[in-house]
Each structure stands twice: as structure tokens, then as C-alpha cells.
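Results of the structural survey
Residue strings, one per chain:
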Amino acid sequence: MTFDTRKSEFQQIDHSFFKERNIECYIKRDDLIHSEVSGNKWRKLKYNIQQAATLKKECILTFGGAYSNHLIATASACKKLNIKSIGVVRGEELTHLSNPVLERCHELGMQLNFVTRSEYDLRAEKEYWEELTLKFPSSYIIPEGGANYFGMIGCQEIWKEISTEIDHLFVAQGTSTTSCGLLLGAKKAQIHVVPTLKGYQSIDEMRRLLTYATIESDLIDELLDSVVIHDEYHFGGYAKSTVELENFIIQIKNEMNIPLDLVYTAKAFYAMMEEIKKGGYENQTVLFLHTGGYHSN
Ligand SMILES: *Cc1c(COP(=O)(O)O)cnc(C)c1O
């Protein structure tokens, strides 16, 4: 099975921090799914790649920056399935030797198409997609970060693997695809989102994505009522870090044996603990979705 998620364990975090407050805290280890296709990227690709097969497309085309986890994930999944892949990469000055991410994409057989920043800015435009389809015939285009209907549906499936009732779920947010998928499948859980981009408009972005999955604006409003945004934990912005965050990663690894990455999961986990300290979670169940990422330990 290509999109096997059985390795994603559902674990209880056994630590005094939670016990003292009578909180049952769980973690869903999507980081264990695959060594290279980090966590949620796997889930976001599943139905996109199936859709490409249904449409009999010969190739997957997608977009990413020079250090994109999504590009590696796409290259790796396509390699496994023997499908051609094309990556449209921001930065015309780059080559497949510019960094380990691009090197690996190249090694996995992804055709890298380096474009200027202004061309990259068109990546969500319909006309640009038409142009790309002419240039690369028979390609199925996945938006940057897998941010479309099929990406969300793949993330919604996480709930099928969880039988415990959850009151609160914490998740890191990049494009919002994962958080929207979770929201679509959440019964009564509040979805706590931690954007990793500074100034990110979580609700606007989530609303935009949710329109791909539901046409009723009333229903979208109702869904969004279950979202709690914690936008003060970006540590300076995307991929920015501090000594405090680095120490936090070491502390959590030592005390809870959970590896976290600097870009996404450490910030979300930090946010969860800070919010729990503020109170209001006592006698409830809290779940942390470990979305994966690259950690040094
Ligand atoms: C890509 C990524 C995210 C962001 O997910 P979105 O669906 O874009 O919000 C979160 N965590 C990790 C580890 C990632 O690699």
C-alpha cells in the first residue's frame, strides 16, 4: 500500500505537566508515517495522486520554494508510484545542486523548472495553469503545499484512526490544508491552529479553502466557530527561531521523548503547553497532531 498510515501511532503523553491538571494528552505521530514524505504531506498527496490516475494524467506538477517539504514529498511519492513529477521552483538562479532538498528532488527524478519570483507569484492563477498545461501536457497540477480539496480530504481521514473522544486538537498551520481537513472531520473537538507565518490571516485562508469542500457559507461559518487561533507563537516568522525554542525542543525530547522540528511542530507544541498553563483545559482530552517535518535528533 502506497499511502499506508499505519505507522502513525496514537500515543498518550505520560507527563506530570498534564497529570497535574488532570488532562489526558495524546499525540498522533504522523511524523512516523514515512522517513521522507513528512507526515501531513503524505495525507495531502493521497487523493491528489489518485485523482491524477483517474484523469489518466502522466505527470504531477507542483510548486515550491527552495526548501519545500512538499516538493520532496511529491518527488518521493511519484518515484514510488512510477509517475513523472515536475517541480516549479521559486528562484531562477537556482540549480538542482543548490541545496540538499533540490538535490534530493532531482535524484528522485523530479524535473525541476526554476522560475523568477514574479513568475512564481502567478502560481495560483488560472491563466498560468493553462500556460503550464500547454508547456507540460498531460500533467495534473497540485497547488503549492497540496492546498486543495483533495488535500483537505486526505487530512480529514486522520479522524478515522482515532477512537478516543477529543475535546481539543492542536495543529501547526502553513497553508491551512491540514487544519481545514481536520475541521471538516471534527465532531465536537475545538481545533486550535498555530500559524507559523507572521501576520497570517488564518480565518480568511481557512474560509477560502473550505469553499472547495462546502458550498454553503453558513456551514463554513459554523465550522469556523470551532477554530481557535493562536497567532502569537510564530517566533519571528516562518522558519525563524530563537534559543528558547531550540532549548524547548531539547527539553521535550528529553522529558517526553517526542522529536519536534523548528519550523512547525515545535511552535505548535510550545503554544499548546503555554495555553494549557493559562488554564481552562482541566479534566479534558487534548490531542497534538504531529505533522512531521525535519528534526535534527
Ligand atoms: C507542511 C507542514 C505543515 C503545514 O501544513 P498545512 O497543511 O500547509 O497547513 C505543518 N507541519 C509540518 C511538519 C509540515 O511539513
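Bear in mind the structure is a predicted one, so any value in this text is a computation, not a measurement.

Comments concerning the site of the ligand
Around the ligand sit 15 residues, and of these K41, G174, T175, T178 and T291 come closest. Interatomic distance of 2.7 Å between a side-chain N/O atom of T291 and a nitrogen atom of the ligand. Isolated, the ligand exposes 390 Å² of accessible area, and the fraction of that covered by the protein chains is 98%. Counting only elements with at least two residues in the shell around the ligand, the list comes to α2 (40-54) and α8 (177-185). At three residues, the largest contribution of residues to the shell around the ligand is made by α2. Counted by class, the shell around the ligand contains one nonpolar, twelve polar and two charged residues.

What about a negative patch on the surface?
A contiguous patch of negative charge on the surface is contributed by E216, D218, E222 and D225. For E222, a relative accessible area of 54% gives the class exposed.

Let's talk about the sheet that holds strand β4 (residues 84-90)
The strand order across the open sheet built from four strands is β5-β4-β3-β6, with neighbouring strands paired in parallel fashion. Edge positions in the sheet fall to β5 (111-115) and β6 (139-142), since each has one partner strand and no second. Adjacent strand axes in the sheet meet at a mean angle of 25° when their direction is disregarded. Here β4 pairs with β5 via five bridges, running parallel. By the bridge assignment, G87 is partnered in β5 with L112. In the packing of helix α3 (residues 69-81) onto the sheet, contacts are made with β3 (59-64), β4 and β6, and the angle to β3 comes to roughly 165°.

Quick notes on the environment of C105
Within the fold, C105 resides in helix α4 (residues 100-107). For C105, a relative accessible area of 0% translates into the label buried. Taking C-alpha positions, C105 is 36 Å from V286, a pair spaced 181 residues apart along the chain. Those residues in contact with C105, other than ones at most four positions away along the chain, are L71, I72, A75, M110 and L112.

Topic: the packing of helix α11 (residues 243-256) against helix α12 (residues 265-278)
For the pair α11 and α12, the least separation of the axes is 10 Å and the interaxial angle reads 75°. Compared by their axis directions, α11 and α12 come out roughly perpendicular. Taking contact as the criterion, the partners of E244, L245, F248, I249, I252 and M256 in α11 are, on α12, A266, K267, F269, Y270 and M273. Grouping the constituent residues of the contact of α11 with α12 by class yields nine nonpolar, no polar and two charged.

Focus: the nonpolar core
F18, L260, F269 and M272 are the most contacted members of the largest nonpolar core, which has 30 residues in total. No other element matches the eight residues that α12 contributes to this core. The contacts of F269, once residues within four sequence positions are left out, are I13, F248, I252, M256, I258, L260 and F288. In this structure, I162, A186, L223 and L287 belong to the second largest nonpolar core, which totals 25 residues.

Here is what the cut-offs are and how they apply
- Residues numbered from 1 in each chain as written.
- Predicted model: local features only at pLDDT ≥ 70, side-chain atom pairs only at ≥ 80, totals over all residues.
- Heavy atoms only, no water.
- Near = heavy atom within 4 Å.
- Polar contact = N/O pair within 3.5 Å; in protein donor to acceptor, adjacent residues only side chain to side chain.
- Areas by Shrake-Rupley, 256 points an atom, 1.4 Å probe, with all protein chains shown as cover.
- Helix = DSSP H or I, 4+ residues; strand = E, 2+ residues; numbered from the N terminus.
- Nonpolar A, V, L, I, M, F, W, Y, C, P; charged D, E, K, R; others polar.
- Patch = residues over 30% accessible without salt bridge, like charges linked within 9 Å, V, L, I, M, F, W, Y side chains within 5 Å.
- Salt bridge = Lys/Arg side-chain N within 4 Å of Asp/Glu carboxyl O.
- Lys, Arg positive; Asp, Glu negative; His and termini not counted.
- Charge placed at Lys NZ, Arg CZ, Asp CG, Glu CD.
- Buried < 20%, exposed > 50% of the residue type's maximum accessible area, 1.4 Å probe, protein only.
- Pairing = 2+ DSSP bridges.
- Axes fitted to C-alpha atoms, helices over the stretch in contact; angles between N-to-C directions.
- Contact = heavy atoms within 4.5 Å.
- Parallel < 35°, antiparallel > 145°, perpendicular 65-115°, else oblique.
- Core = buried A, V, L, I, M, F, W, Y, C linked by side-chain atoms within 4.5 Å.

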